[in-house]
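Coordinates in review
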Amino acid sequence: MSAAPAVDASQNSRPALSLRPKAKNLTLGTLLTWVFVAAALLWTVVPLLWMLLGSFKGSGDVTSADPMWFFTPTGQNYVNLFTGANNLSPYLINSIIAAVGSAVIATVLGTLGGYGLARTAFKGKKGLSFWFISTRMAPIAAVVLPLFLVFRFAGLLDTLPGLVLAYLSFNLPFAIWIMSAFFEAIPPSLEESAKVSGCSPWQTFWYVSLPLTKAGMVTTAVLCLVFAWNDYAFATVISGPNSQTLPIAATQLVTQTGVDWGQLAAIGTIVVVPMILVGLAVRKWLVTGLTLGAVTGE
């Protein structure tokens, strides 16, 4: 028998796999991006952190000429906000009712109006859509005086319904515009299939189209809530002693005798923290809503 031919080991050998991760080249663009992100974080986070720390400082620490990072925390500023003459509870309740009420109404009506605008074909549709968003582009100072005159005639000054309607004047056009973009992103074939299966127009809207726009509704509700919660211009003109909100309460801490910086930092924290928590709670839907459906196919 002839011996088996020798196999050259060098031909079947494979290069050894390196488990060492490849080093990434740090380009100038990447470096500038990180520098920009760091600067943006410093610009936004440091003031909020300083305000939060200031809300737990005593009167001597918060007005110290040298910044104090290490101090004995106290909750007296928050206690003073909800006791005595500076009771913040009515302002907080008014803000919650006005902001949440206007956001819910704007989202509901904006969803219905946006669906009708997206699924109805008529002449001048694009112009009407632009008119909706153009009302949001107008400066608040341009509409405050007409609203004041209308609300005075209707008896809505210094009332929470009047404040909700004032917020709706800016929130509703925005809600209709953004929801129409989401409904236009839904393929019409899905609704046609539902109609062929025997669904009525309302059933098609409720069971097919509406569930596909959850991200849009959450985005609309959060943005409307933030606008109403932080508003100062409408609250200054429309509200009164019975309907003033948190931003109005903050200005009352600035008096001719001085500024109570501790309580001012505390009320700023109360205003900012709920919106941050809301944004974190719905961040998944918010990011999706801000990116999906933002550009229509037209």
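Residues numbered from 1 in each chain as written. Predicted model: local features only at pLDDT ≥ 70, side-chain atom pairs only at ≥ 80, totals over all residues. Heavy atoms only, no water.

Take the packing of helix α5 (residues 89–119) against helix α8 (residues 160–184) next. Across the interface, α5 lies against α8 with an axial gap of 6 Å and an inter-helix angle of 35 degrees. Considering only the axes of α5 and α8, their crossing is right-handed. Here the contact of α5 with α8 is composed, by residue class, of 18 nonpolar, 9 polar and 2 charged. (Axes fitted to C-alpha atoms, helices over the stretch in contact; angles between N-to-C directions. Helix = DSSP H or I, 4+ residues; strand = E, 2+ residues; numbered from the N terminus. Left-handed = near helix turned anticlockwise from the far one by under 90°. Nonpolar A, V, L, I, M, F, W, Y, C, P; charged D, E, K, R; others polar.)

This next bit is on the packing of aromatic side chains. The final tally for this structure, using the stated rule, is 10 aromatic pairs. Look at Y115 and F183: their rings are 5.1 Å apart centre to centre, the planes differ by 75 degrees, and that puts the pair in the edge-to-face class. Taken together, the positions of Y115 in helix α5 and F183 in helix α8 put the pair 68 residues apart, joining distant regions of the chain. For Y115, a relative accessible area of 16% puts it in the buried group. Accessibility expressed as a relative area gives 0% for F183, which makes it buried. (Phe/Tyr/Trp six-rings, centres within 6.5 Å; stacked < 30°, edge-to-face > 60°. Buried < 20%, exposed > 50% of the residue type's maximum accessible area, 1.4 Å probe, protein only.)

Next up on the list: the packing of α8 against helix α11 (residues 214–230). Close contact between α8 and α11 brings their axes to 10 Å; oriented N to C, the two are set at 160 degrees. Comparing their axes, α11 and α8 come out roughly antiparallel. Like other packed secondary-structure pairs, α8 and α11 cross with a definite hand, here right-handed. Here Y167, F170, N171, F174, A175, I178, M179 and F182 of α8 lie close against α11, whose contacting residues are G216, M217, T219, T220, L223, C224, F227 and A228. A breakdown of the residues in the contact of α8 with α11 according to their chemical character gives 12 nonpolar, 4 polar and no charged. (Parallel < 35°, antiparallel > 145°, perpendicular 65-115°, else oblique. Contact = heavy atoms within 4.5 Å.)

Counting through the fold element by element, V237 comes out in helix α12 (residues 233–238). Here V237 falls in the partly exposed class, since its relative accessible area comes to 29%. Remark: the alpha-carbon pair of V237 and V144, spanning 93 residues in sequence, is separated by 7.2 Å. Residue contacts for V237: discarding those within four places in its chain leaves V144, F148 and L157.

What follows deals with the side chain of T245. Examined against the element boundaries, T245 turns out to sit in the loop between α12 and α13 (246–251). Ignoring anything within four residues of it in the chain, the contact list for T245 reads Y91, N94, S95, L163, Y167, D231 and A235.

In this structure, L81, L88, Y167, F183, F234, L246 and I267 are the most contacted members of the largest nonpolar core, which totals 46 residues. For this core, the leading source of residues is α8, giving 11 residues. In this structure L88 touches L81, F82, L246, A249, I267 and I270, once residues within four positions along its chain are discounted. (Core = buried A, V, L, I, M, F, W, Y, C linked by side-chain atoms within 4.5 Å.)

Time to look at the environment of A228. Within the secondary structure, A228 is located in helix α11. The class for A228 is buried, based on a relative accessible area of 5%. Residues in contact with A228, not counting those within four places in the same chain, are A99, S102, Y167 and N171.

Once that is clear, we can look at α8. Here α8 spans 35 Å end to end across 25 residues, near enough to the 36 Å set by a 1.5 Å rise per residue. The largest bend in α8 comes to about 40 degrees, at S169, with the proline P173 one to four residues further on. Capping the start of α8, T159 holds a side-chain oxygen 3.2 Å from the backbone nitrogen of G162, two or three residues further along. (Expected span 1.5 Å × (residues − 1). Bend = angle between axes of the 7 residues up to and from the residue. Polar contact = N/O pair within 3.5 Å; in protein donor to acceptor, adjacent residues only side chain to side chain.)

Let's shift gears to a nonpolar patch on the surface. Taken together, W34, F36, V37, L41, V45, L49, W50, L52, F56, W69 and F70 make up a surface patch of nonpolar side chains, about 1200 Å² in accessible area. Note that V37 resides in helix α2 (residues 28–54). (Patch = residues over 30% accessible without salt bridge, like charges linked within 9 Å, V, L, I, M, F, W, Y side chains within 5 Å. Areas by Shrake-Rupley, 256 points an atom, 1.4 Å probe, with all protein chains shown as cover. Salt bridge = Lys/Arg side-chain N within 4 Å of Asp/Glu carboxyl O.)

Mapped onto the fold, D231 is located in the loop between α11 and α12. A relative accessible area of 4% places D231 in the buried class. Polar contacts involving the side chain of D231 include one to the main-chain amide nitrogen of F234, which spans 3.2 Å. Here the side chain of D231 touches A235 through a polar contact of 3.0 Å, landing on its backbone nitrogen. Not counting residues within four places of it along the chain, the set of residues in contact with D231 comprises I140, Y167, T245 and P247.

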